[in-house]
Amino acid sequence: MPDTATILLPIPAEGPYTYSVPDGMLLQPGDVVQVPLGPRQVIGAVWDASGGAAGKVDPKKLRPVTLKFDCPPLTEEMRRFVDWVAAWTLSPPGMVLKMVLRVPAALEPLACVPGIQWTGHEPDRATAARTRVLELARNGLSWTKSGLAHAAGSSASVIDGLIRQGVLEVVEMPAGPLVPAPDPTHNLATLEPEQRAAGEELTARTAQGSYSVTLLDGVTGSGKTEVYFEAVAEAVRQGRQVLILLPEIALTSSFLDRFEDRFGVKPGEWHSDISPKNREKLWRQVATGEVRVVAGARSALFLPFSRLGLIIVDEEHDTAYKQEDRVFYNARDMAVVRGHIAGCPVILSSATPSIESRVNADRGRYHYIRLAERYGEASLPDLHTIDMRKSPPPRGGFISPILRAAMAKSLEQGAQSLLFINRRGYAPLTLCRVCGHRFECPNCTTWLVEHRFRGQLQCHHCGHSEPVPEACPNCGTFDHLAACGPGVERLAEEVVGIFPEARTLILSSDLGGGIKRLRMELDAIAKGECDIVIGTQLVAKGHNFPMMTCVGVVDADIGLSNGDPRAAERTFQLLSQVTGRAGRSGGASAGYIQTYLPEHPVIRAIASGDREAFYDREIEARRAAGLPPFGRLAAIIVSAATRREAEEHARAMRRAAKPPSGIMVLGPAEAPIAVVRERHRFRLLVHAQLNVKLQDWLRQWLAECPKERGSIRVQTDVDPQSFV
Ligand code: ADP
Ligand code: ZN
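So, a few notes on the structure that sits alongside this text. The shown structure was predicted, so the numbers you read here are calculated from the model rather than taken from an experiment.

**Some remarks on the pattern of salt bridges**
Thought 1: What the rule picks out here adds up to 39 salt bridges.
Thought 2: Across the pair Arg237 and Glu234 runs a salt bridge, and its minimum N-O distance is 3.0 Å. Of the two residues, Arg237 and Glu234 both sit in helix H7 (residues 224-237), three residues apart, roughly one turn of that helix.
Thought 3: The salt bridge involving Lys322 is made with Asp717; its shortest N-O contact spans 2.6 Å. Taken together, the residues Lys322 in strand S13 (residues 322-325) and Asp717 in strand S31 (residues 713-718) connect sequence positions 395 residues apart. Residue Lys322 shares its accessibility class with Asp717, and that shared class is buried.

Below you can see the structure in the form of C-alpha cells.
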C-alpha cells in the first residue's frame, strides 16, 4: 500500500486533504509541497504525516504529491500557531496557512549570482592592474565582478580580459545574506536610571528565554525604543531571532535608522511596500535563520521564524494591528499567542496602552513597567482645553482665536505648529444650498468627500470618485454647492489665509506620491523645513518632530459619539499621541484641544494630564457593562446584493441561534454604513461572559445556520474593533 500524507491547502476547506506519496519521496510534517487540486496545482504543507482520513479512501484512488520544495519545513511551532489562529478567528486553517505561504518564489533555493574565480592559470602578461586582481583572487574564493574590480582598484575590463584568457572564470555563487547580523555592542546607549532599570528587567526576561508578557507603558518620548533595544541585543547575543511589529513601518523609516545607529545594520524589513525580490529573500532567510531581526507590519507575524527569541509589539494599542478581511485577526493578541507557543518573551510597548493590556497588567497576567518621565530635558506639553462655545472661530473658519494666537507665537519663535484633524479632503459633506441635495456615493451609504485640489468628490469606502459638478444634478442651479465641515485641505486654506508667509504642509495619505512622498514629507518636518503642518492621524504615529512646540486638535469631539464601545479609549489614545508630538526636545510646548464638550470625562482626563483617572473610569465602565476584557464580543456581518436577502439571512441566523446562558445574540441590525460597494449589510453581535467558550458555541451555531447562498456572505469577526 502506498504511503499517504495529509496536506493542508490554502483554500477555505475545513481541514487538510489526503494524497499519496510517490515512491522515493520522503515527507515529514511541515514540508512544503505542490499537489494537484482539480485541474490546478497548488502549494500546501504536510500537516500530519500519519494520514488522518486515509483509512476511508482507497489509497489507489488518491492523487500523488507532485513535488516537495527544497526549503526548511514549517516548524511544529508554526503549525500549532496556524491551527490556533484558525480556531480562534473561526477561519479555515488553510486560509491562515495561505498567509504563511504568501511568497511562493521563496520556496525554491535563492537563485545563485554570477561570481568570478581564479582557474589556476597565469596571465600571458602581468600588468599592475592584473597583478592586483590576481592577488585577491588567488585564494580561490569567488567574488562578484564589481566587488573584485572595486577591491583591486581596477576596471571591469581588466577582469573581462582575464576571463577571455582563461585566467578567471565565471562560476555560480550563492546570494549573500539580505542583512548581516546586528552587533549588540555596536553603539551602547547610556540609559538614565529609570530606563536602565527597565532595560535590565527586559534583558533578564529575554535571557531567561521563556514565555512572558511585559507591558512597557511609557509617556511619549520616554525612550521606550531605547529600552526595548536592550532586550533585542540580548536575544541577538543568545543567537535567537527577534520580531518587532510596528503599526506603520512603511512610514517610520526613522525607526530603521535608529536601529542601525544602535546595531550597526538595518533590520530585515517586511511590509507591503518592499520589492518582490527582497520579500522572497527575507522569507527564505527568516526560515533558515540567517535574518536575525525583522521589523515589520502585522503580517510579519506569519513569517516562518525558526529560532524566535523575542517579540515586540510597538504602539500595541494601534488599530492598524487589526486585519479586517478574509482572516479577521488582531496581530497584538496573536503575537502574544505566538510568544506563548514559541516559549519566548513578548513586549507590548505604548504611551497609551489598550484597556485590555492595562487590565492584564493590573491582574498580574502581564509584567508592568512604567516610564513616567520624558528623556533628557524634554517635558510633556502643557495642555489647554478651548471651549469653542466661549471662543468660537470667525465665521466660516475652524481655528479659534486662542489657537491662532498660540500658532502665531510659535511661528515668531521659529518653531513648528501642528494642526490635527482626522478628516481627509476638503469637506466631509457637500450639499446644494438651493434644493438641499446631498452628494452620496452611488455604491455605498456614505457622503462623498470633496477633494478640492483634485476637483473630485470621492467615497472613502469604495474609492468611487466623480468630478465636482458646476451645477446641482438635482435642481440644476449653478454655483450654489456648499462645503460642510472641515477636512485637512479646507483647514490649510484657512491657515494660508491667516499666515500667508508661513510654509504650510498637508500630511494626508491620499495626496498622491504614495509612501515615498509621505516619507520625504515626514523627514522635511523633522528637519524643520516647514512651519505649520496640517495632518490626519498619520501624524500621530510615533514620529519624532524635534521643533514642534504647538499642537492644536481642531475637533476633539469627532470620535466621541459614534456608538463604538471603544470610542472613549480611541479618542484618549489619539489625542494623547497627537499632543505628544510637541516638546520632544526640551523647552516649553503646548497642546490645545478645541471642543464643544469641555466637561466630557475623556477631554478632562487628557487636559488635566490625569491619565490614571481615565483608565480607572474606563476600566470601571467596561466592567459594569461586561465589555472587553470583562466579557467577549463577536460580530457577524451578513452582506448580500439586495437588502432583502441580507436581512432575511441575518434573521434566519438569529432564529437558528440557541445560545446557552452566558451568551446573548443581539440584532440583526442594519450596519451603520448600510451599503458598501453595492453590498447591503446587516450585523449581529454576540456578547459572551468570560466563563463560556465563545468560539465553541459560535462554531456550533454557524454550522447549524442556513448555508450562504447566491450573493450572501457571512463574515465572523471575533473581538471586533470596528462596528460600522
Ligand atoms: P518613545 O518611544 O518612548 O516615544 P523614544 O525611544 O523615541 O521614546 O525616545 C525619544 C527620544 O529621546 C529619541 O530621540 C531618543 O533617541 C532619545 N533618547 C531616549 N533615551 C535616550 C538615551 N538614553 N540616550 C540618548 N537618547 C535617548
Ligand atoms: Zn462608495
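Structure shown, so let's carry the discussion forward.
**Quick notes on the environment of Ser155**
Thought 1: Here Ser155 shows up in the loop between helix H4 (145-152) and helix H5 (156-164).
Thought 2: Distance in space between the C-alpha atoms of Ser155 and Thr206 is 49 Å, their sequence separation being 51 residues.
Thought 3: At a separation of 2.8 Å, a polar atom in the side chain of Ser155 contacts the side chain of Ser157.

**Here we look at empty space enclosed by the protein**
Thought 1: For the coordinates displayed, the defined rule picks out four cavities of 30 Å³ or more.
Thought 2: Size it by volume and the largest cavity reaches roughly 70 Å³.
Thought 3: Viewed by domain, the lining of the largest cavity spans two of them, domain 3 (193-371) and domain 4 (377-423 + 487-629), each represented by three or more residues.
Thought 4: Taken as a whole, the second largest cavity holds about 60 Å³ of empty space.
Thought 5: Elements represented by at least two residues in the lining of the second largest cavity include exactly helix H1 (76-89), strand S14 (327-330) and helix H10 (331-342).
Thought 6: Sort the elements by how many residues they give to the lining of the second largest cavity and S14 lands first, with three residues.

**So, the coordination of the zinc ion (ligand 2)**
Thought 1: In the first shell of the zinc ion (ligand 2), the protein supplies Cys441 (SG), Cys444 (SG), Cys459 (SG) and Cys462 (SG), at 2.3 Å from the metal.
Thought 2: In this structure, the zinc ion (ligand 2) is coordinated by four donor atoms arranged in tetrahedral fashion, with angles at the metal of 105 to 114 degrees.
Thought 3: Mapped onto the sequence, the donors of the zinc ion (ligand 2) take the spacing C-x2-C-x14-C-x2-C. With Cys444 in the loop between strand S19 (429-432) and strand S20 (449-451) and Cys462 in the loop between strand S21 (456-458) and strand S22 (465-467), this pair connects stretches of sequence that are 18 residues apart.

**A few points about helix H9 (residues 276-288)**
Thought 1: End to end, H9 covers 18 Å across 13 residues, agreeing with the expected 18 Å (1.5 Å per residue, within 8%).
Thought 2: Listed as buried for H9 are Arg279, Glu280, Leu282, Trp283, Arg284, Gln285, Val286 and Ala287.
Thought 3: Where H9 is buried, its residues contact helix H2 (93-100), strand S9 (241-245), strand S10 (268-270) and strand S11 (293-296).
Thought 4: Trailing H9 by a residue or two, Gly289 shows a phi angle of about 90 degrees, which is positive.

Procedures and definitions
Residues numbered from 1 in each chain as written. Chains lettered and ligands numbered in written order. Predicted model: local features only at pLDDT ≥ 70, side-chain atom pairs only at ≥ 80, totals over all residues. Heavy atoms only, no water. Salt bridge = Lys/Arg side-chain N within 4 Å of Asp/Glu carboxyl O. Helix = DSSP H or I, 4+ residues; strand = E, 2+ residues; numbered from the N terminus. Buried < 20%, exposed > 50% of the residue type's maximum accessible area, 1.4 Å probe, protein only. Polar contact = N/O pair within 3.5 Å; in protein donor to acceptor, adjacent residues only side chain to side chain. 1 Å grid on protein atoms, 1.4 Å probe; cavity = no way out; pocket = protein on both sides within 12 Å on 5 of 7 lines; lining within 4 Å. Points joined across faces, edges and corners; volume = space filled by probe spheres on them. Domains from an automatic or database assignment. Donors = N, O, S within 2.8 Å, 3.2 Å for Na, K, Ca; no water. Tetrahedral: all angles 85-135°; square planar, octahedral: opposite > 155°, others 65-115°. Expected span 1.5 Å × (residues − 1). Contact = heavy atoms within 4.5 Å.

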